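# Overview (structure and organization)
So the chains spell out like this:
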Amino acid sequence: MKPVIALVGRPNVGKSTLFNRLTRSRDALVADLPGLTRDRHYGEGRIGERPFLVIDTGGFEPVAKEGIMFEMALQTRQAVAEADVVVFIVDGRQGMTPHDKTITDYLRKTGRKVMLVVNKSEGMKYTSVTADFYELGMGDPYVISAAHGDGVNDLVVEALDFAFASRPDAEQMGEHVDHGVKIAIVGRPNVGKSTLINTLVGEQRVIAFDMPGTTRDSIEVPFEREGKQYTLIDTAGIRRRGKVFEAIEKFSVVKTMQSISDANVVVLLLDAQQDISEQDAHIAGFILESGRALVVAVNKWDGLQSDDRDEVKIDLDRKLDFLSFAKTHFISALKGTGISQLMKSVDAAYAAATANLSTPRLTRALQEAIEKQEPKRKGSTRPKMRYAHQGGQNPPIIVIHGNALEAVSEPYKRYLERHFRDTFNLVGTPVRIELKSGK
Ligand code: GDP
Ligand code: GDP
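Figured I'd write up the structure that's included with this text. (Residues numbered from 1 in each chain as written. Chains lettered and ligands numbered in written order. Predicted model: local features only at pLDDT ≥ 70, side-chain atom pairs only at ≥ 80, totals over all residues.)

## Notes on the overall build of the protein chain
As a reminder, the rule being used: Note on conventions: DSSP H or I runs of at least 4 residues are helices, E runs of at least 2 residues are strands, and numbering of each starts at the N terminus. Between the buried cut of 20 or more and the exposed cut of 12 or fewer other C-beta atoms within 10 Å of a residue's own C-beta lies the partly exposed class, and all C-beta atoms are placed from the backbone.
Along the protein chain, the regular secondary structure elements total twelve helices and 18 strands. Out of the 439 residues in the protein chain, the part that is buried amounts to 40%.

## Some remarks on the site of ligand 2
What counts is decided by this rule: In this analysis, residues qualify as near a molecule or strand once their C-beta atom, positioned from backbone atoms, comes within 6 Å of it. Gly counts as polar in this scheme, as do all residues outside two lists: the nonpolar Ala, Val, Leu, Ile, Met, Phe, Trp, Tyr, Cys and Pro, and the charged Asp, Glu, Lys and Arg.
Around ligand 2 lies a shell of 16 residues, among which Gly192, Lys193, Ser194, Thr195 and Leu334 are the nearest. The element best represented in the shell around ligand 2 is helix H6 (residues 193–201), accounting for three residues. Among the residues making up the shell around ligand 2, the classes are represented as five nonpolar, eight polar and three charged.

## Quick word on the sheet that holds strand S3 (residues 50–56)
The strands making up a sheet are joined through hydrogen bonds of the backbone, oriented either antiparallel or parallel. Short version of the rule: In this scheme, strands are said to pair when DSSP sees at least two bridges between them. Two residues form a contact once the distance between their C-beta atoms, set from the backbone, is within 7 Å. Between N-to-C directions, angles span 0 to 180 degrees; the directions come from axes that are lines fitted to C-alpha atoms, helices contributing only their stretch in contact.
Strand order across the open sheet formed by six strands is S2-S3-S1-S4-S5-S6, with mixed pairing between neighbours. Taken across any chain shown, the strands that pair with only one partner, and hence form the sheet edges, are strand S2 (42–47) and strand S6 (142–143). Alignment of strand S4 (residues 85–91) against strand S5 (residues 113–119), held across seven bridges, turns out to be parallel. Opposite valine 90, over in S5, you have valine 118 as the bridge partner. Each of strand S1 (4–8), S4 and S5 is contacted by helix H3 (residues 98–110), which is oriented at about 170° to S4, the strand it contacts most.

## Notes on unusual backbone geometry
The residue after asparagine 394, namely proline 395, is reached through a cis peptide bond having omega 10°. When you line up the elements, proline 395 lands in the loop between strand S16 (384–392) and strand S17 (397–403). The backbone of lysine 300 shows a phi angle near 65°, a positive value even though the residue is not glycine. Relative to the helices and strands, lysine 300 is located in the loop between strand S14 (293–299) and helix H9 (306–319). A positive phi angle is found at asparagine 394, which is not glycine, with a value near 50°. Secondary-structure assignment places asparagine 394 in the loop between S16 and S17.

## Topic: the pairing of strand S18 (residues 432–437)
Heads up, the rule is: Crossovers are described as right-handed under a simple rule: with the strands pointing away from the observer, the path leading from the first strand over the helix to the second runs clockwise.
With six bridges joining them, S17 and S18 adopt parallel strand pairing. Directly across from isoleucine 398, in S18, lies its bridge partner isoleucine 433. Read from S17 through helix H12 (residues 410–424) to S18, the crossover connection turns out right-handed.

Read these as layout, nothing more, since geometry by itself doesn't imply function.
Pasting the structure below:
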């Protein structure tokens, strides 16, 4: 599971500046797809080969008792509870404020690992920019400039080292057994996740693995359907209670993101009896960023009139157009309809995501694409694409080699993606195109 870093601090200390810096490289992967809305508080980052999740805890008002500030404080509490490391940011230009002390007191009570970070330190001496903050009793502060990037890399490396060291080790987690395709069923509260899980695995003899961990234990449920093995990954705190699964805690973005990144195939569950919401679109955005294979399931299809059904389909096309690479099924988790077809699409999406694409076949497909439509010149340079090979699976990464490839436009990259998708029938998985210019 990816480590989670939460950014905490009073307004204007530079949390969102740091958040943007940490998540920017991931953003570039999915460019700006029409209709894709991002949750600006939750993102993925990567330092070298090490991925992590980062949460920007919007506003922090530990004293608020009700209203919007109280709601935000609740979310901050949840984020802090779910984080491996809390990065507590203070403002080196402004110096200490009483609010910083209040936050310190709160963080101390949570018992989380906290790294005190003085931001806006560019051009300032370590001793002068940090002097104020020793009073907080958190030892030597880290200093960074979120705006310029100074110290940010070192900070994250230390945070990740800490997160890694504090994880229960692999032996404690029990032996890893391979139980087929790993599926995460995700969606906002009340769309029918527990109901679907019970329909899928309820009749089976289920062995639930509760893994040790502090606040973020995870559960994997192996099950069998039509002779095939699958494993369900915990989504948002669904637990077995007696004979059935039910959601035992409120919706957790962090758990949703983690189960997405642990899965091979994600089933995005939507509620046909509700409009597609911002939260649905945010979850869809995470799935896209993660590169996991995807099947969309519109649940509660039972009891909908045909007018309403048409409206749902229009809403889907309008709001989640960027998921058109995935199959959509209209199901009733409660009545058990549409489930077999849904699982067929899960299998197909997994097969596409893990397909082996040989260099000769990829290169032939590349040549075909170029013959149909050449990349445009950029200024006086025309990109020259020579051959393609597979650079990864789940999602398939297609690496194209050639010269002057920085001149290849985004629309042309999308055109190539579509061409490879059609040629190799890669339904249900994102396809990533990487360009490598040689000398
Ligand atoms: P947040 O409210 O904690 O999310 O803070 P923001 O990221 O919105 O930053 C508040 C202000 O501080 C903005 O005007 C930023 O441009 C500025 N800021 C953020 N990081 C730095 C930094 O490293 N140095 C300087 N000088 N200003 C910064
Ligand atoms: P979760 O919060 O996503 O786990 O949602 P639940 O599985 O707890 O379902 C929320 C509510 O929707 C419950 O009252 C379910 O009975 C109901 N529900 C789930 N699936 C269906 C369905 O296919 N059709 C209808 N009509 N109701 C459903």
